[in-house]
Amino acid sequence: LNKSSLRAWDAADEYLLSYLAEDNLLEKAHGGAVVVVNDNFGALGLSLHSFHPVLMTDSYLAMQAVSQNAEAAGLDELVQINTLEDPCQYFPAEAGHKAAVVLIRIPKSLAMLEDQLHRVRPLLTKDTVIIAAAMTRNIHNSTLALFEKIIGPTRTSLARKKARLVFSEYDENLQVADNPWPKSYRIDYEGTKPGLSDHAGIFSAGRLDIGTRFLLEHIPSNRDFHSIIDLACGNGVLGIAAAIKNPQARLVFTDESYMAVESAASNFENHFAGQQQRDAQFLQTDCLQGVEADSASLVLCNPPFHQQHAISDHIAWQMFSQARDVLQQGGELWVVGNRHLGYHAKLKRLFGNREMIAGNKKFVIIKVVK
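Residues numbered from 1 in each chain as written. Predicted model: local features only at pLDDT ≥ 70, side-chain atom pairs only at ≥ 80, totals over all residues. Heavy atoms only, no water.

In terms of helices and strands, the protein carries 11 helices and 18 strands. Its C-alpha atoms give the protein a radius of gyration of 22 Å, near enough to 21 Å, the size a compact globule of 370 residues would have. Based on the C-alpha atoms only, the size of the protein along its principal axes is roughly 65 × 45 × 40 Å. Taking all 370 residues of the protein together, the buried fraction comes to 53%. Once local pairs closer than 6 in sequence are excluded, the contacts in the protein between residues at least 24 apart make up 70%. Element-wise, carbon and sulfur atoms account for 48% of the exposed surface of the protein, whose accessible area totals about 17600 Å². (Helix = DSSP H or I, 4+ residues; strand = E, 2+ residues; numbered from the N terminus. Rg over C-alpha atoms; globule rule 2.2 N^0.38 Å. Buried < 20%, exposed > 50% of the residue type's maximum accessible area, 1.4 Å probe, protein only. Contact = heavy atoms within 4.5 Å. Areas by Shrake-Rupley, 256 points an atom, 1.4 Å probe, with all protein chains shown as cover.)

Have a look at this one:
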């Protein structure tokens, strides 16, 4: 985005790379496996390219960014895996199944951090160097408590350019509870009780956020809806609700989070198991990239208004623009959002029409028609 203040690194990335260089920590690892968790755009992985790091992320967009930045820099592709995968198969043979260095960009979600620390712990030894990084405002007592609870003794660095490092030491004798993710619960909907299982990477994981709850009260039903898209699907509850109310429709679920798509697929299969087979597709993608133009009757969307800690409306704008492309003539886009975000103006500009379906003190549901 030409006018965007977003950039592919921040002071926390710079601090972490500077610290590694000052202490020659990677050279001291003697060729052992280096794991980088949550490298959003490749600032860490590409800077450490010569050490052949394994990058773990829940984000399809992060993987695409790393690949494109590597190509632009003339570098070979790095090994990238999603957080649900086991990285051990990519470790050097002499490293066994352990990591010499683990670098973590602390995610916005404590649930995600908790899950990732549980997944990282089996890779550690007493000699593993474990360093996390974030801007100071995003490191809280609860953040450090998770490292203490799952990894071992933890301390922080002094702040530098409003960034801070977190150092954790692996305690092999620490009594660690099982990973609580994914979490399961049920909701009441249209006389059914869909069971939902949320991986940690989902927004408002473990419970429905209030925007989604509001849209659930107004899911449309129309015999002409033949293809319904749950855009930025999360755990897929909106798409499942639409499938219940529109039994003739084919469903498409899209999200950039691997954990979201896995959750949506599992929840859809579990809800309709034993019933007449429902046609559904689950896409790991950038908004609606890869969805056929003029193919959808209805798009449901509860768009995010932030990318990690950066607040921005560019993702919502992209979603609305791509929804217009994939909708057939007469197709509908239903959006729920906070009143203050002003989605009604953007949607009117794109579609030339808008209708407010419902509203309360905090949220509005807007329908536009192509």
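In this section: the packing of helix α10 (residues 314–326) against helix α11 (residues 343–351). With their axes 10 Å apart at the nearest point, α10 and α11 run at an angle of 30° to one another. Accordingly, the angle class assigned to the pair α10 and α11 is roughly parallel. For the element pair α10 and α11, the recorded crossing hand is right-handed. Side by side, α10 and α11 meet where Ala316, Trp317, Phe320, Ser321 and Arg324 of the first sit next to Tyr343, Lys346, Leu347, Arg349, Leu350 and Phe351 of the second. For the contact of α10 with α11, a count of residues per class yields seven nonpolar, one polar and three charged. (Axes fitted to C-alpha atoms, helices over the stretch in contact; angles between N-to-C directions. Parallel < 35°, antiparallel > 145°, perpendicular 65-115°, else oblique. Left-handed = near helix turned anticlockwise from the far one by under 90°. Nonpolar A, V, L, I, M, F, W, Y, C, P; charged D, E, K, R; others polar.)

This brings us to the sheet that holds strand β1 (residues 34–37). Two strands in a sheet stick together by hydrogen bonds in their backbones, pointing the same way (parallel) or opposite ways (antiparallel). Strands sit in the order β3-β2-β1-β4-β5-β7-β6 across an open sheet of seven strands; the sheet is mixed. In this open sheet, the two strands that pair with only one neighbour each are β3 (79–82) and β6 (154–156). The mean inter-strand angle of the sheet, taken between neighbouring strand axes irrespective of direction, is 20°. (Pairing = 2+ DSSP bridges.)

On to the pattern of salt bridges, then. Here the structure, examined in full by the defined rule, presents 10 salt bridges. In this structure, Glu14 and Lys161 form a salt bridge, with 3.9 Å as the shortest nitrogen-oxygen distance. Residue Glu14 is found in helix α1 (residues 11–23), and its partner Lys161 is found in the loop between β6 and β7 (163–168); the two are separated by 147 residues along the sequence. Residue class for Glu14 comes out partly exposed when judged on its relative accessible area of 31%. The exposure class of Lys161 is exposed, given its relative accessible area of 64%. Among the salt bridges present, the one from Asp127 reaches Lys126, with a minimum N-O distance of 3.5 Å. Across the pair, Lys126 and Asp127 agree in class, each one exposed. A cluster of three or more residues bridged by salt bridges with shared partners is formed by Asp10, Asp13 and Arg105. (Salt bridge = Lys/Arg side-chain N within 4 Å of Asp/Glu carboxyl O.)

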